[in-house]
Every structure is written in structure tokens, then in C-alpha cells.
Amino acid sequence: MRRIEFAPILAAVGGIVLLVSLFLHWYQPALTAWTVFEVWDVVLAVLAVAGIWVAVASVAWEASARDGALPLLGGAAFVIVVSQLINHPPAAQGASVQSGAWLALAGSALMAAAGALKAGNFSLSVSFSSGQREGERPGPAAAPSRARRQREVQDELYPAGERSGPIGADDPELWRDPAEDETLPFDAEREERS
């Protein structure tokens with residue numbers, strides 16, 4: 001059974017989008033992040049690559065990053081992009097914002113959302129298994145037999161360590177034959193007469 005967390009995947013997608021956006025036009029006329037920024041382009045590229053690296057390490061090698069890594073990376077990228085949309089760099093004063101900047105905002109927002117998921121201890125994950133047990137030869141997957149499935153359900157509902165006899169023997173109320181039942185059936189007509 002393998003489990004993949006959603007937050008690192010979200011951070012990787014955001015990092016890729018942010019990295020791609022650096023090569024697109026941020027401001028008019030045809031100004032990319034590499035031509036407009038003095039330092040922020042490099043900082044955003046490092047943050048994007050670090051977000052991708054954290055995701056790859058988490059998914060491929062199941063290595064968990066420090067608890068504050070994703071929130072720090074996503075938060076820093078988002079703040080930098082928003083600040084550059086609000087206050088244009090000197091080389092782009094008076095220029096209108098282009099698609100690259102909006103794409104960077106989306107990528108940094110994805111990274112920030114991944115950081116918020118990780119910081120808030122929200123665990124969204126996908127679990128899957130290879131369908132093959134240790135020692136089994138690969139082959140077509142056979143559907144579990146009905147008897148085997150019933151045993152699995154029985155073992156799940158009534159673990160062997162907690163059973164004291166056949167299933168139902170340790171129930172608080174034992175089953176009784178309806179013929180031996182001492183209670184009287186409800187008769188509506190009889191109740192109305194009295």
C-alpha cells in the first residue's frame with residue numbers, strides 16, 4: 001500500500017507554473033521576469049525549484065520535508081508575486097500586467113495553498129496498492145472469492161483476539177427462538193376495547 005500526499009503534488013504543480021511564468025511576458029511591451037527584475041526573478045526561480053524538489057522527495061523517496069518548508073516556500077513566493085503586481089519594478093513603471101504575471105500569481109497561490117494544507121495539518125492523500133503481495137508472481141488479478149471476502153469482513157468486524165466463541169456468542173443479548181418468546185404480541189383491536 002502506498003500513500004501520496006496531496007500538498008507536495010500541489011506545491012510541485014505550483015512550482016512548475018511559477019517557473020514557466022518567469023519566461024513569459026509579465027509587463028507590456030514584452031518584458032519577462034528575467035528582464036524586469038533585478039533579484040526577484042532569481043529568488044522566485046529558487047523558490048519554485050525548491051517547491052518542486054520537496055514534492056519529488058516526498059513522492060519518490062517518501063522523505064518528508066521539515067514541517068515549515070512548504071508554508072515558507074509557498075508564502076514567500078506568493079508575497080513576492082503579489083508585491084510585484086501591486087508595486088511594479090522600476091523597469092516596468094506604468095506598464096500593464098501581462099499573462100506571465102497572472103500565471104505566476106496562480107503558481108505561487110498553489111504553492112501557498114500547499115503550504116497552508118501542510119501547516120494546518122490537513123491530510124489529503126491518495127492511496128493505492130500494486131495488487132501484488134510479497135512472494136506472489138505477477139499475473140492477472142483474480143477477483144477474491146466470496147468465501148475469502150466473507151472471512152476478511154468477519155475478521156475485520158470481529159477480530160480474532162476479541163472473540164470468545166462463535167460469532168454472536170459474546171453478544172450481550174442471546175438470540176432466542178420466536179416461539180419461546182415470552183412477550184405478548186401487540187393487538188391494536190384489543191387495546192381499543194380496553
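Relevant structure appears above.
Residues take numbers from 1 onward in each chain, read along the sequence in its written order. Given that this is a predicted model, residues contribute local features only at a pLDDT of at least 70 and side-chain atom pairs are listed and counted only at 80 or more, while totals for whole chains, interfaces and linings are drawn from all residues. Note: side-chain values were computed over all heavy atoms of the structure, leaving out hydrogens and water.

A. Seen up close, the overall build of the chain. Per the convention used, a helix needs a DSSP run of H or I reaching at least four residues, while a strand needs a run of E reaching at least two, with both numbered from the N terminus. Counting its regular elements, the chain contains seven helices and four strands. The buried label goes to any residue with under 20% of its type's maximum accessible area, the exposed label to any with over 50%, and the partly exposed label to all in between, with areas taken from a 1.4 Å probe on protein chains only. With 194 residues in all, the chain has 25% of them scored as buried. Residue pairs at least 24 apart in sequence account for 72% of intrachain contacts in the chain once pairs closer than 6 positions are excluded. Element-wise, carbon and sulfur atoms account for 59% of the exposed surface of the chain, whose accessible area totals about 13800 Å². In this description, contact between two residues means that some pair of their heavy atoms is separated by no more than 4.5 Å. The Shrake-Rupley method, run with a 1.4 Å probe sphere, supplies the accessible areas, and residue values consider only the shown protein chains as cover.

B. Structural context of a nonpolar patch on the surface. A cluster of nonpolar side chains, namely Ile16, Val20, Leu24 and Leu103, defines an oily patch on the protein surface of about 300 Å² accessible area. Among the structural elements, leucine 103 can be located in helix 5 (residues 99-119). Leucine 103 sits in the partly exposed class, given a relative accessible area of 31%. What makes a patch is a set of residues exposed beyond 30% relative accessible area and free of salt bridges, joined within 9 Å when like-charged and within 5 Å when nonpolar (Val, Leu, Ile, Met, Phe, Trp, Tyr). The term salt bridge refers to a pairing of a side-chain nitrogen on Lys or Arg with a carboxyl oxygen on Asp or Glu at a separation within 4 Å.

C. Spatial organisation of the packing of aromatic side chains. Paired rings are identified among Phe, Tyr and Trp, the last through its six-membered ring, by centres lying within 6.5 Å, and are further divided according to the angle between planes into stacked (under 30 degrees), edge-to-face (over 60) and tilted (the rest). Scanning all chains against the criterion turns up three aromatic pairs. Aromatic side chains phenylalanine 23 and tryptophan 34 sit 5.5 Å apart centroid to centroid with 50° between the ring planes, which places their arrangement in the tilted category. Here phenylalanine 23 is found in the loop between helix 1 (6-21) and strand 2 (25-27), whereas its partner tryptophan 34 is found in helix 2 (residues 33-36), with 11 residues between them in sequence. Assessed through its relative accessible area of 55%, phenylalanine 23 is described here as exposed. For tryptophan 34, a relative accessible area of 33% puts it in the partly exposed group. Between tryptophan 26 and tyrosine 27, the ring centres sit 6.4 Å apart and the planes meet at 50°, which makes this aromatic pair tilted. The pair formed by tryptophan 26 and tyrosine 27 is uniform in burial state, with each residue classed as buried.

D. Examining the nonpolar core more closely. Each nonpolar core is a collection of buried residues, namely Ala, Val, Leu, Ile, Met, Phe, Trp, Tyr and Cys, held together in the definition by side-chain atoms within 4.5 Å. Leu18, Trp26, Tyr27, Leu44 and Val81 are the most contacted members of the largest nonpolar core, which has 28 residues in total. Where this core is concerned, the elements lending two or more residues are helix 1, strand 2, helix 2, helix 3 (40-60), helix 4 (69-86) and helix 5. When residues in this core are grouped by element, the largest group, six residues, is from helix 4. The contacts of leucine 44, once residues within four sequence positions are left out, are Leu18, Leu22, Trp26, Ala77, Ile80 and Val81.

E. Looking closely at helix 4. For a helix, the expected span equals 1.5 Å multiplied by the number of residues minus one. For helix 4, which comprises 18 residues, the first-to-last C-alpha distance of 26 Å matches the rise-based estimate of 26 Å (1.5 Å per residue) to within 8%. Buried positions along helix 4 lie against helix 1, strand 2, helix 3 and helix 5.

F. Spotlight on the environment of glycine 120. Along the chain, glycine 120 falls in the loop between helix 5 and strand 4 (125-128). Take glycine 120: its relative accessible area is 38%, and that puts it in the partly exposed class. The sequence separation of glycine 120 and proline 71 amounts to 49 residues, and the corresponding C-alpha distance is 9.6 Å.

G. Summary view of unusual backbone geometry. Looking along the chain, the bond that leaves glutamine 28 and enters proline 29 is cis, with omega of 5°. Secondary-structure assignment places proline 29 in the loop between strand 2 and strand 3 (31-32). For alanine 30, which is not a glycine, the phi torsion comes out positive at approximately 50°. Classification of alanine 30 as exposed rests on a relative accessible area of 52%.

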